[in-house]
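Chain and residue survey
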Amino acid sequence: SQPGKADSILAWFSEHTTTVDVMGVTFPSYRLFIIVLGVVMLVGLHLLMNYSRLGMIIRAGVQDREMVEALGINVERVFTLVFALGAGLAALGGIGAAPFIPVEPVMGDRFLMQGFITVVIGGMGSYSGAAVGALLLGLARAFGDYLALKFSLTPAISEASTVIVMAIVLLVRPAGFFGRRE
């Protein structure tokens, strides 16, 4: 084994190495940390929205704002809290991405379209759909990068691959993978 490289996940945890072998592919430890951070954020948001009083109020406020206000809940304050929570999660994502991309005021703009495509592919309002959409988008982007490198094509091919995947999904399932028709 090379210095700083672990041969398994268990060795990675015990030896604090900088890289780890996962099924023959070497990953930097920080990328695995970002993956774990994303999963923890997804699970935390799912638990908040589905198993807490605040999540119930948020969902009810979106469905029928007037009724929730009639129950004496300040929906405006709850939605302000939701905005602050979203801003905090975006900041956490920016902090996590900072070692890989340049930190600048508009650093999130590059990922805005990818986030939109992820939600469309997964289906509006579905956490599992967003997770599946993100995985599918990542695979499409990696395949596009591979094709661009192998055949000396423009890097725009990898970005176009994500839009092509979205178009195919919308042709087959207009509401996305886990979306519901209204």
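Attention here is on the structure that accompanies the text. (Residues numbered from 1 in each chain as written. Predicted model: local features only at pLDDT ≥ 70, side-chain atom pairs only at ≥ 80, totals over all residues. Heavy atoms only, no water.)

1. Details of the environment of Gly94
The following threshold applies: Helix and strand definitions here come from DSSP, where helices need a minimum of 4 consecutive H or I residues and strands a minimum of 2 consecutive E residues; each element is numbered from the N-terminal end. Burial classes: relative accessible area under 20% of the type maximum marks a residue as buried, over 50% as exposed, and values in between as partly exposed (1.4 Å probe, protein chains only).
With respect to the secondary-structure elements, Gly94 resides in helix H5 (residues 75-97). In this structure Gly94 comes out as partly exposed when scored by relative accessible area, which is 21%. A C-alpha to C-alpha distance of 24 Å links Gly94 and Gly55, two positions 39 residues apart in sequence.

2. Brief notes about the packing of helix H2 (residues 29-51) against H5
Axes are the key here: two packed helices are described by the angle between their axes and the distance separating the axes. Rule in force here: To get an axis, fit a line to the C-alpha atoms, keeping to the stretch in contact for a helix; angles then go from 0 to 180 degrees between the N-to-C directions. Angular relationships are summarised with four words: roughly parallel below 35 degrees, roughly antiparallel beyond 145, roughly perpendicular across 65 to 115, and oblique for the angles in between. Here, residues are in contact when the closest pair of their heavy atoms is within 4.5 Å. Residue polarity follows a fixed list, in which Ala, Val, Leu, Ile, Met, Phe, Trp, Tyr, Cys and Pro are nonpolar, Asp, Glu, Lys and Arg are charged, and the others, Gly among them, are polar.
At a closest axis distance of 11 Å, the pairing of H2 and H5 adopts a crossing angle of 170°. Relative to H5, the element H2 is oriented roughly antiparallel. Residues Tyr30, Ile34, Leu37, Met41, Leu45 and Leu48 of H2 form the contact with H5, whose own contacting residues are Leu85, Leu89, Leu92, Ile95 and Gly96. Class assignment for the residues of the contact of H2 with H5 results in 10 nonpolar, one polar and no charged.

3. As for the pattern of salt bridges
Here is the rule we go by: Whenever a carboxyl oxygen of Asp or Glu lies within 4 Å of a side-chain nitrogen of Lys or Arg, that contact is scored as a salt bridge.
All told, the structure shown has two salt bridges when counted by the stated rule. A salt bridge links Glu69 to Arg65; its shortest N-O distance comes to 3.3 Å. Taken together, the residues Glu69 and Arg65, both in helix H4 (residues 65-70) and four residues apart, mark about one turn of the helix. The partly exposed category is assigned to Glu69, whose relative accessible area is 37%. Taking the relative accessible area as the measure of exposure, Arg65 reaches 28% and is therefore partly exposed. The shortest N-O distance in the salt bridge between Glu76 and Arg65 comes to 2.6 Å. Here Glu76 is found in helix H5, whereas its partner Arg65 is found in helix H4, with 11 residues between them in sequence.

4. Observations concerning H5
In plain terms, the rule: For a helix, the expected span equals 1.5 Å multiplied by the residue count minus one. Two N or O atoms count as a polar contact when they lie within 3.5 Å, although within protein this holds only if one can serve as hydrogen donor and the other as acceptor, and sequence-adjacent residues are included solely when both atoms are side-chain atoms.
Taking 1.5 Å of rise per residue, the 23 residues of H5 would be expected to cover 33 Å, and the 33 Å separating its terminal C-alpha atoms lies within 8% of that figure. Among the residues of H5, those classed as buried are Val75, Val78 and Gly96. With a side-chain oxygen positioned 3.2 Å from the backbone nitrogen of Glu76, the residue opening H5 is Asn74.

5. Observations regarding the nonpolar core
The tendency in soluble globular proteins is for nonpolar side chains to be buried as a group. Filter applied, for reference: Note on terminology: a nonpolar core comprises buried Ala, Val, Leu, Ile, Met, Phe, Trp, Tyr and Cys residues joined through side-chain atoms within 4.5 Å.
Ile117, Val120, Ile121, Leu137, Ala140, Val165, Met166 and Val169 together form the largest nonpolar core, which totals eight residues. Contacts of Val169, omitting those with residues within four sequence positions, involve Ile121, Leu136, Pro174, Gly176 and Phe177. Met49, Ile58, Val68 and Val78 belong to the second largest nonpolar core, which has six residues in total.

6. Examining the side chain of Thr118
Mapping Thr118 onto the fold places it in helix H6 (residues 109-122). A distance of 2.8 Å separates the side chain of Thr118 from the backbone oxygen of Gln114, its partner in a polar contact. If sequence neighbours within four positions are ignored, Thr118 has contacts with Gly129, Ala130, Gly133, Ala134 and Leu137.

7. Some remarks on the packing of H6 against helix H7 (residues 127-150)
So the rule is basically this: Should the near helix be turned anticlockwise from the far one by less than a right angle, the crossing is termed left-handed; should it be turned clockwise, right-handed.
Here H6 crosses H7 at 120°, and the two axes come no closer than 7 Å. By the angle class used here, H6 and H7 are oblique. Viewed along their axes, H6 and H7 form a crossing whose handedness is right-handed. Of the residues in H7, those in contact with Gln114, Ile117, Thr118, Ile121 and Gly122 of H6 are Gly129, Ala130, Gly133, Ala134, Leu136, Leu137 and Arg141.

8. Brief notes about the pairing of strand E3 (residues 25-28)
Remember that side chains alternate between the two faces of the sheet whenever the strand is regular. As a reminder of what qualifies: If DSSP finds at least two bridges between two strands, the strands pair.
Relative to E3, strand E2 (residues 19-22) runs antiparallel, the two sharing four bridges. The partner of Asp21 across the bridge, within E3, is Thr26.

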